[in-house]
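# A closer look at the structure
Listed here are the chains, written in short residue letters.
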Amino acid sequence: MAQDLVDGLLIKARSHLPPPSEPLGKLSKRDRKGVAVIKLKNPPVNSLSLEVLTEFVISLEKLENDKTFRGVIVTSDCPGIFSAGLDLTEMCGKSQAHYAEFWRAVQELWLRLYLSNLVLIAAINGVSPAGGCLISLTCDYRVLADNPKYNIGLNETLLGVVAPSWFKDTLVNTVGHRTAERALQLGLLFPPAEALRVGMVDQVVPEDQVHSTALSVMAQWLAVPDHARQLTKSLMRKPTADRLVKQRDADIQYFLQFVSRDSIQKSLRMYLDKLRQKKG
Ligand SMILES: CC/C=C\C/C=C\CCC/C=C/CC(=O)SCCNC(=O)CCNC(=O)[C@H](O)C(C)(C)COP(=O)(O)OP(=O)(O)OC[C@H]1O[C@@H](n2cnc3c(N)ncnc32)[C@H](O)[C@@H]1OP(=O)(O)O
């Protein structure tokens, strides 16, 4: 059975954890075939808080260092939501030191994912704006559930902020310059058929087949010898990653200046208020 291939690894935010005796990320080693599943679980919307970003990096590092694992399926445990992107509350009304720590964690996760030696397949089982989309774009292959609500894209401009150059590079490397330029300026969130058409995802399948499709795709990628595939991935991606590596501190300073502006704080607060008022 396909499911027998998979091992489980759950990323949870500490605030939602049961007793403190349980480890934050669970890494079971029952799997023999070398495929792990990272399930994001930070209800209600899988926002990428500092804690989730940090835990994600630690989990990836463990998998990278454990030679029994060759591939990871990245998916969500929150029904209908892959990830709502970066946690906006981490970018509002906090100290400069906090912004710097948060942004370094965002950089770190992107670098780890983008340059991972593991085969990463995104099983996108929900809506996936901004940072959520970015996570999937760092993967080697994207399978999206065919549900008209499951939009995906980099919508930063609609929040009044700007997708940093390395977000932009990741998108350009996936969909090409013209599609990326239009998508970024307009902050487009693509429904599944459109996402497939522009190449933002590689496959759209019925919702109940996302996981099994990701497993089949994984088998195909794992059929390639690791060393050849890994070197090829590095050839394709390292120049993009190096651009950030060479200027990480400057990138953080730029983020600090940007996010601390009154106008940006106002935009982010208004956006959060709009989300909160939606219910009432
Ligand atoms: C070098 C750098 C230089 C320059 C650039 C600098 C800075 C800019 C970089 C900024 C990059 C940003 C990338 C991002 O990822 S920003 C986040 C973008 N995300 C979104 O736009 C998604 C927002 N959320 C939604 O659209 C909906 O919540 C969603 C469709 C995901 C789910 O809808 P649903 O109806 O199911 O839930 P809601 O009722 O809307 O939400 C439930 C509660 O969750 C809160 N929420 C939602 N999203 C976020 C978020 N991203 N962060 C924090 N909190 C979030 C929402 O407010 C609700 O809260 P409560 O009302 O329950 O308190």
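Preceding block: the structure.
Computed from a predicted structure; not experimentally measured. (Residues numbered from 1 in each chain as written. Predicted model: local features only at pLDDT ≥ 70, side-chain atom pairs only at ≥ 80, totals over all residues. Heavy atoms only, no water.)

### As for the pattern of salt bridges
Under the criterion given, the structure shown has 15 salt bridges. We note a salt bridge from R112 to E108, for which the minimum N-O separation is 3.1 Å. Of this pair, R112 and E108 both sit in helix 2 (residues 96-114), separated by four residues, roughly a single helical turn. Taking relative accessible area as the criterion, R112 reaches 28% and is therefore assigned partly exposed. Residue E108 is classed as partly exposed on the basis of its relative accessible area, which comes to 23%. The structure contains a network of salt bridges with shared partners spanning E61, E108, R112 and R248. (Salt bridge = Lys/Arg side-chain N within 4 Å of Asp/Glu carboxyl O. Helix = DSSP H or I, 4+ residues; strand = E, 2+ residues; numbered from the N terminus. Buried < 20%, exposed > 50% of the residue type's maximum accessible area, 1.4 Å probe, protein only.)

### Some details on the side chain of R248
Mapping R248 onto the fold places it in helix 9 (residues 248-260). Apart from the residues within four sequence positions on either side, R248 is in contact with R104, Q107, E108 and L111. (Contact = heavy atoms within 4.5 Å.)

### Topic: unusual backbone geometry
The residue after P43, namely P44, is reached through a cis peptide bond having omega 10 degrees. On the secondary structure map, P44 appears in the loop between strand 3 (35-41) and helix 1 (50-65). Non-glycine residue N46 carries a positive phi angle of around 55 degrees. Relative to the elements of secondary structure, N46 occurs in the loop between strand 3 and helix 1. Under the relative-accessibility criterion, N46 is labelled buried at 2%. Positive phi values are uncommon outside glycine, yet A130 reaches one of about 45 degrees. For A130, a relative accessible area of 12% corresponds to the buried category.

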